[in-house]
Amino acid sequence: MSALTRAYLDWDLANDSMDGRSFFARYQDISSSSGAPINVNAGSIAIKVMDIFCAEKLPLAILSTDSFIASALVRQGVVPCSPISPSTGITIQALDFYRIARQRNPHFSIQAYVKTLCDLQDDDNDPSLQLSTELPSTQFVGGDRYLSREYIEQFATDSPVDMMANDDEDNPCAGRWKNMRDDKTKKMWGVFDESGVFLAVCRHGFSLVIADMVQSGEQAKYPLAVVSKLLDTFGKDLGGGYDIGCRFKTTLDHSTIGHRARELNYTSLVGAFHGHAHRRLCQLDHLATYVQGIGLEDLEGCERTFSKSNALASAVRYASVFHCRQTIANYFQHNDDFEIYANMMTFLFNKYKQALNILRDGQKTLPKLMHELGVTNKGTFDVWLAEEHNYLLSLSQEPELETLQMEYWQKLVNLSASKKDLNAASAAWAVLTPSTVEFGARDMASTTRTETARRHAIENYDKDLKMVQDLEVKLSISRRWEPEDQEWKDAGRLVANRKFQRALDHLESLVVARIFELSKMNRAGTGYKLRKHIGKALQAQSAAIRTALERYNVAARALSPPLCIPYMGRGGRRPWATPTGRLTMDTYFKMRRARKEIERLNIEVMQVATYLHDESQYLLECEKQLKSLHPALAHQVGLHRKIRARFAGHHSHHLHEISVLEGFTGSITSGESIEQGLGARRRG
């Protein structure tokens, strides 16, 4: 591989002076200038060379300085289709064209490109382009972006907690996450070894860590491995958004890295979009809105990343492990260098504008809302938040006394119904006398049915009576409740409220799930079969929602008085449960996050300004020193510097735009790097 690297560097350096001409144009120049087809010092090899618009069998030189045939061909700008005895080679320019086109359009597979070349050459199904049997089997993707399977597997038995389990008493959302359970995803394992990737991105969108999910659903080992790697790299005070961050928090605490995560103050959070599917108590603990130190982050960067990278799926579905990883790693590297880095200052500029607009609007509306609520101290909102949290926490489990009272009331209702059934059966039995019964076959069967119904009614009544008696002992009730008693009425209201609340929770979960599915319905790249599958799921959801809505209406009408206004929550008329109170609290906490965002942006803006200045000087100095030591490597540094310089004007423009924003409190002057010298890390 080192010989191939050196050969490529030599070719790229020589190609820079050819003004971008094609391989065949350069080959003709060399042949005509030497008076012979090729300069042969040690030998030659005749292979078919394919470019985008041309293909021809040519003799290519193998010099005495060439270590391998493959490196000899690469030095001349041709990549052989076989490393040992090639008969066909493709020009580096043609492969580079595919590489760039593939990064811009992930749907463009290598198979489609090869067939395109064959069509252009009128050479369909060229046998020389078939798979080679000489390819090594120990290929691997380098770099630190991909986590190895060995690294991930050390967390396989790390935690005894199943993230999809229903038995976590400390988690209000336990049992709600079902789509990624193994029994839901195991059908794909018989077809695909890898069921997807687990990804971590920073708040700007740069990809940090990638982990392959191998023959499993979204198991705990993947986020544990990612968090462990992030803690090793970045250290303390990290916050991570995850669809089921509330559940993962418990998993992380019970894992072997739980102690280190607590020491380094790692915070597990839930994204703003997925947070709507979480219970309110969970939102108060895990939404970034209510967490100190988090700016205007929605923590849904992975969703935006996947919306673009999902286009890779069709092209790598049948690729080998190596080529799949290579394609994914190259895509994210290109995305980081040409998309995320290019738009980095746009991201910071938009964030600063958003934060300033929130503060500007909030300064106008918050005083009015506080006056309407009669609130004079902003600290009241933190008190309300704690009060709401404590109130919901008290409702996470029904009080035992109320539970027994509701159960006793329900058993009394059942006893009353079984008493009526017994009276009806006894009345039917009483009318059967020797004078009214004819002892025919039909009459005998009717008498038997009546007797059986009476016996069953007696058994049901006795069973319900025994349950009522047991509950009376537990509740120390000396006199059985009657419908006109106040205790009966109070327990009946509790039962009605519970039925209503459960109907509301079920309806809410169905509506949120429908919103999620609707967002996928017309997404670009969604195939016909998937759209039909989603459509059928939506039809089933529509029927389920209609049924849930009917149950909700029945439960609402059963309340005393019947519910005829929008439901205001379990908090009743507490100020934080009113529409005005909710709006005021949301405004206050958004403003607090906006101030933290500006504080963070002032640091990042200066860091970027310092980085842009230092990187340019650093690369220029490296290129200058390498020109005499390693010209080919110096050329690569120069190419990298030119790529970065493409976006320098854009970054400088947005730095200026940020500096003239009304309310900007930072500085765009580059700072002084803490570490000096070549290779030092740059810090603003």
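If you're wondering where the values come from, they're calculated on a predicted model, not measured in any experiment.

Caption draft 1: Inspection of the nonpolar core at higher detail. Tyr352, Phe381, Met585 and Ile658 are the most contacted members of the largest nonpolar core, which has 45 residues in total. The set of elements that each furnish at least two residues to this core consists of α11 (280–286), α14 (321–340), α15 (344–373), α16 (379–395), α21 (579–629) and α23 (648–659). At eleven residues, the largest contribution of residues to this core is made by α21. Apart from residues lying up to four places away in sequence, Phe381 is in contact with Leu366, Met370, Val375, Thr584, Met585, Tyr588 and Phe589.

Caption draft 2: Just the packing of aromatic side chains, in detail. Scanning the model with the defined rule gives 20 aromatic pairs in all. With a centroid separation of 5.6 Å and 80 degrees between ring planes, the pair formed by Phe198 and Tyr242 is classed as edge-to-face. Here the residue Phe198 occupies a position in strand β5 (residues 194–201), and Tyr242 occupies one in the loop between β7 (239–241) and α9 (245–254), the gap between them amounting to 44 residues. Residue Phe198 is classed as buried on the basis of its relative accessible area, which comes to 12%. Exposure remark for Tyr242: the relative accessible area of 9% places this residue in the buried category.

Caption draft 3: Representation of the side chain of Glu297 within the structure. Here Glu297 lies in the loop between α11 and α12 (301–309). Residue Glu297 is classed as buried on the basis of its relative accessible area of 12%. Separated by 2.5 Å, the side chains of Glu297 and Arg203 make a polar contact. In this structure, Glu297 is in contact with Arg203, Ala288, Phe347, Lys351, Arg593 and Glu597, ignoring residues within four places of it in sequence.

Caption draft 4: Up close: unusual backbone geometry. Not every positive phi belongs to a glycine, and Asp237 is a case in point at roughly 60 degrees. Inspection of the secondary structure assignment puts Asp237 in the loop between α8 (221–234) and β7. For Ser476, which is not glycine, the phi torsion reads 55 degrees and is therefore positive. Inspection of the secondary structure puts Ser476 in the loop between α18 (441–475) and α19 (486–521).

Cut-off values and rules
- Residues numbered from 1 in each chain as written.
- Predicted model: local features only at pLDDT ≥ 70, side-chain atom pairs only at ≥ 80, totals over all residues.
- Heavy atoms only, no water.
- Core = buried A, V, L, I, M, F, W, Y, C linked by side-chain atoms within 4.5 Å.
- Buried < 20%, exposed > 50% of the residue type's maximum accessible area, 1.4 Å probe, protein only.
- Helix = DSSP H or I, 4+ residues; strand = E, 2+ residues; numbered from the N terminus.
- Contact = heavy atoms within 4.5 Å.
- Phe/Tyr/Trp six-rings, centres within 6.5 Å; stacked < 30°, edge-to-face > 60°.
- Polar contact = N/O pair within 3.5 Å; in protein donor to acceptor, adjacent residues only side chain to side chain.

The quantities given are spatial measurements derived from coordinates; they are silent on function.
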